[in-house]
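These are the residues of each chain, in order.
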Amino acid sequence: MVSRTGSQPLVIAHRGASGYLPEHTLAAKAVAHVMGADFIEQDVVLSADGVPLVLHDIHLEQTTDVAQRFPGRARADGRFYAIDFSLEEIRQLRVHERSAAGESGTQEAVFPERFPVQSALFGVPTLAEEIELLNGLDRSRGCSTGLYIELKSPNWHLREGADSAVAVLDVLRETGYDQRRDQVFLQCFDDATLRRLRGELRVALPLIQLLADNSWGEDTAADFDQLRSPGGLDEIARYADGIGPWIMQIYLGRDAAGQARISDLVRLAHERSLLVHPYTLRRDALPPGIASFDELLDILVGQAAVDGLFTDFPDLTRDYLCRRAAPRGTRS
Ligand code: G3P
Ligand code: CA
């Protein structure tokens, strides 16, 4: 399933079917499964008692009601950290659509056209619970859907005295996924963590080096401009199986004639047998110069020839790939 030779690009449901339901909820994962995602993403952080939780942020306030439920538990910086809450406390939280402080200071939906931000229907899943859900759906639907786990801020966790890499590997071992090489990717922005997984921790699963922009301030010593260079990709190929670049590191905008400008990153990666899985395809947040979701897919799949796509809209992505495989007029 993870090979790139001759197959369709993988549909990777980014935080689940997060275009339709609050990110990383079990509901979003179930919908992604039914939409035919090949892989479903889990971002992972730890609770105070060391339990791997499926959460994008090390903070809780942008996607849960933690500030209302546990007032006074923020740190001096005003933020509520998942690692300060036990699993029992995490279970009391309600997850909502991602919000951020707007101009007036009130919390506003980051994606206004998505699921209502006021909802209190959902909880925070553990990694083990999500695996149980996906295994159950694989069985009842007769298919096989992969995990695509990102270790979030592993260096920050270590400074807090917690080893998120080991905690995640423990869950994979307990659920039998440590041996399912075709059904798990591990991804991280921190190159040192990936080297540690491959070396000290002897992980045989495919590893993906995520590529950020240096200006984002990821908690890593990695220099992403260097990692994207031919020499950097040579180095990545020694410990990882692929790269996860930001879309704008592949699509560079339009030239004077209106043609999409494509970087050489995919070609350079493929020359080193590295998979390329860019993030993130969003119908409601298209890159500059892109008029539609299909146009973005035409560029990434048709022109750049990527191997997989992190998408908030797995149904639209799957539909595009089906149409591409069987163009109009050839379908029965
Ligand atoms: O893991 C690929 C992509 O999800 C990286 O960005 O911030 O959505 O985790 P983020
Ligand atoms: Ca991620």
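Calculation notes
Residues numbered from 1 in each chain as written. Chains lettered and ligands numbered in written order. Predicted model: local features only at pLDDT ≥ 70, side-chain atom pairs only at ≥ 80, totals over all residues. Heavy atoms only, no water. Helix = DSSP H or I, 4+ residues; strand = E, 2+ residues; numbered from the N terminus. Rg over C-alpha atoms; globule rule 2.2 N^0.38 Å. Buried < 20%, exposed > 50% of the residue type's maximum accessible area, 1.4 Å probe, protein only. Contact = heavy atoms within 4.5 Å. Areas by Shrake-Rupley, 256 points an atom, 1.4 Å probe, with all protein chains shown as cover. Near = heavy atom within 4 Å. Polar contact = N/O pair within 3.5 Å; in protein donor to acceptor, adjacent residues only side chain to side chain. 1 Å grid on protein atoms, 1.4 Å probe; cavity = no way out; pocket = protein on both sides within 12 Å on 5 of 7 lines; lining within 4 Å. Sits in = over half its atoms within 2 Å of the grid points. Nonpolar A, V, L, I, M, F, W, Y, C, P; charged D, E, K, R; others polar. Salt bridge = Lys/Arg side-chain N within 4 Å of Asp/Glu carboxyl O. Donors = N, O, S within 2.8 Å, 3.2 Å for Na, K, Ca; no water. Tetrahedral: all angles 85-135°; square planar, octahedral: opposite > 155°, others 65-115°. Core = buried A, V, L, I, M, F, W, Y, C linked by side-chain atoms within 4.5 Å. Points joined across faces, edges and corners; volume = space filled by probe spheres on them. Phe/Tyr/Trp six-rings, centres within 6.5 Å; stacked < 30°, edge-to-face > 60°. pLDDT = per-residue confidence, 0-100. Axes fitted to C-alpha atoms, helices over the stretch in contact; angles between N-to-C directions. Left-handed = near helix turned anticlockwise from the far one by under 90°.

Asker: Explain the overall build of the protein chain residue by residue, including any values.
Answerer: Helices and strands together make up the secondary structure of the protein chain, namely 12 helices and 13 strands. Whereas a compact globule of 332 residues would reach a radius of gyration of roughly 20 Å, the protein chain reaches 19 Å, a difference of no more than 12%. Burial statistics for the protein chain: of 332 residues in total, 52% are counted as buried. Put simply, 67% of the contacts in the protein chain that link residues at least 6 apart link residues at least 24 apart. Total accessible area on the protein chain stands at roughly 14200 Å², and carbon and sulfur atoms take up 49% of it.

Asker: Give me the site of ligand 1: which residues, what numbers.
Answerer: The immediate surroundings of ligand 1 are formed by His14, Arg15, Glu41, Asp43, His56, Glu150, Lys152, Gln187, Phe189, Leu210, Tyr279 and Phe310. A distance of 2.7 Å separates an oxygen atom of ligand 1 from a polar atom in the side chain of His56. Between ligand 1 and Gln187 there is a distance of 2.5 Å, counted from an oxygen atom to a side-chain nitrogen or oxygen. Of all the cavities here, the one that holds ligand 1 is the largest pocket. A breakdown of the residues in the shell around ligand 1 according to their chemical character gives four nonpolar, three polar and five charged.

Asker: Before we move on, can you summarise the pattern of salt bridges with the specific residues and values?
Answerer: The full count for this structure, using the stated rule, is 32 salt bridges. For Asp225, the salt bridge identified is with Arg228, shortest N-O distance 3.0 Å. Among the salt bridges present, the one from Glu295 reaches Arg254, with a minimum N-O distance of 2.5 Å. One end of the pair, Glu295, is in helix 11 (residues 293-303); the other, Arg254, is in strand 10 (residues 251-254), and 41 residues separate them in sequence. Within this structure, Asp234, Asp264, Arg267, Glu271 and Arg272 form a network of salt bridges that share partners.

Asker: Tell me about the coordination of the calcium ion (ligand 2), and name the residues and values.
Answerer: Looking at the calcium ion (ligand 2), one finds its protein donor set to be Glu41 (OE), Asp43 (OD) and Glu150 (OE), positioned 2.1 to 2.4 Å from the metal centre. Around the calcium ion (ligand 2), the six donor atoms are arranged such that angles at the metal cover 60 to 157 degrees; this shape is classified as irregular. In primary-sequence terms, the residues that donate to the calcium ion (ligand 2) follow E-x1-D-x106-E. For the pair Glu41 and Asp43, one class covers both residues: buried.

Asker: Any chance you could break down the nonpolar core for me, citing the residues and the numbers?
Answerer: Residues Ile149, Leu172, Leu186, Leu197, Ile236 and Ile243 are the most contacted members of the largest nonpolar core, which totals 74 residues. For Leu186, the contacting residues outside a window of four places in its chain are Ile149, Val168, Leu169, Leu172, Leu194, Leu197, Val203, Leu205, Pro206, Leu207 and Ile208. Of all hydrophobic cores here, the second largest spans 24 residues; its members include Leu55, Val66, Tyr81 and Leu87.

Asker: Can you tell me about the layout of surface pockets, naming the residues and giving the values?
Answerer: The probe, sized like a water molecule, is rolled over the atoms to show the empty space still left. Volume-wise, the largest pocket comes out at about 480 Å³. As for the largest pocket, its lining consists of 26 residues, of which His14, Arg15, Tyr279, Thr280 and Arg282 are closest to the centre. Within the lining of the largest pocket, the residues separate by chemical class into 14 nonpolar, four polar and eight charged.

Asker: Requested: an account of the packing of aromatic side chains, with residues and values cited.
Answerer: Enumeration over the complete set of coordinates arrives at 12 aromatic pairs. When the centroid spacing of 6.1 Å and the interplanar angle of 80 degrees are considered together, the rings of Phe39 and Tyr148 count as edge-to-face. Of the two residues, Phe39 is situated in strand 2 (residues 39-46) and Tyr148 in strand 6 (residues 146-151); the sequence distance between them amounts to 109 residues. Judged on exposure class, the residue Phe39 and its partner Tyr148 are both buried. Note on Tyr81 and Trp156: the rings are 5.5 Å apart at their centroids and 15 degrees apart in plane angle, and the pair reads as stacked. A residue pair is termed long-range when its members are at least 10 positions apart, and Tyr81 in the loop between helix 2 (66-69) and helix 3 (87-90) and Trp156 in helix 5 (residues 154-159) qualify at 75 residues.

Asker: Tell me what's going on with unusual backbone geometry, and back it up with residues and numbers.
Answerer: In the segment running from Tyr279 into Thr280, the intervening peptide bond is cis, with an omega of -10 degrees. One non-glycine residue, His24, lies in the positive phi region at around 60 degrees. Note that His24 resides in the loop between strand 1 (10-13) and helix 1 (26-34). Overall, the relative accessible area of 2% leaves His24 in the buried class. Non-glycine residue Ser273 carries a positive phi angle of around 60 degrees. Assessed through its relative accessible area of 59%, Ser273 is described here as exposed.

Asker: Report on the side chain of Ser18, specifying residues and quantitative values.
Answerer: The residue Ser18 is located in the loop between strand 1 and helix 1 in this model. Here His14 takes part through its backbone oxygen, which lies 2.7 Å from a polar atom of the side chain of Ser18. Leave out the neighbours within four places in its chain, and Ser18 touches Glu23, Glu97, Arg114 and Asp312.

Asker: Quick rundown of the confidence of the model for the protein chain? Include the residues and the values.
Answerer: In this model, the protein chain carries an average pLDDT of 96, and 96% of its residues clear a pLDDT of 70 or more. Of all the helices and strands in the protein chain, strand 5 (residues 107-109) carries the lowest mean pLDDT, 91, while strand 3 (residues 52-54) carries the highest, 99.

Asker: Tell me about the packing of helix 4 (residues 127-141) against helix 6 (residues 164-174), residues and numbers included.
Answerer: Running from N to C, helix 4 and helix 6 point in directions that differ by 30 degrees, and their axes come no closer than 10 Å. Both helix 4 and helix 6 take part in a crossing whose hand is right-handed. Taking contact as the criterion, the partners of Leu127, Ala128 and Ile131 in helix 4 are, on helix 6, Val168, Val171 and Leu172. By residue class, the composition of the contact of helix 4 with helix 6 is six nonpolar, no polar and no charged.

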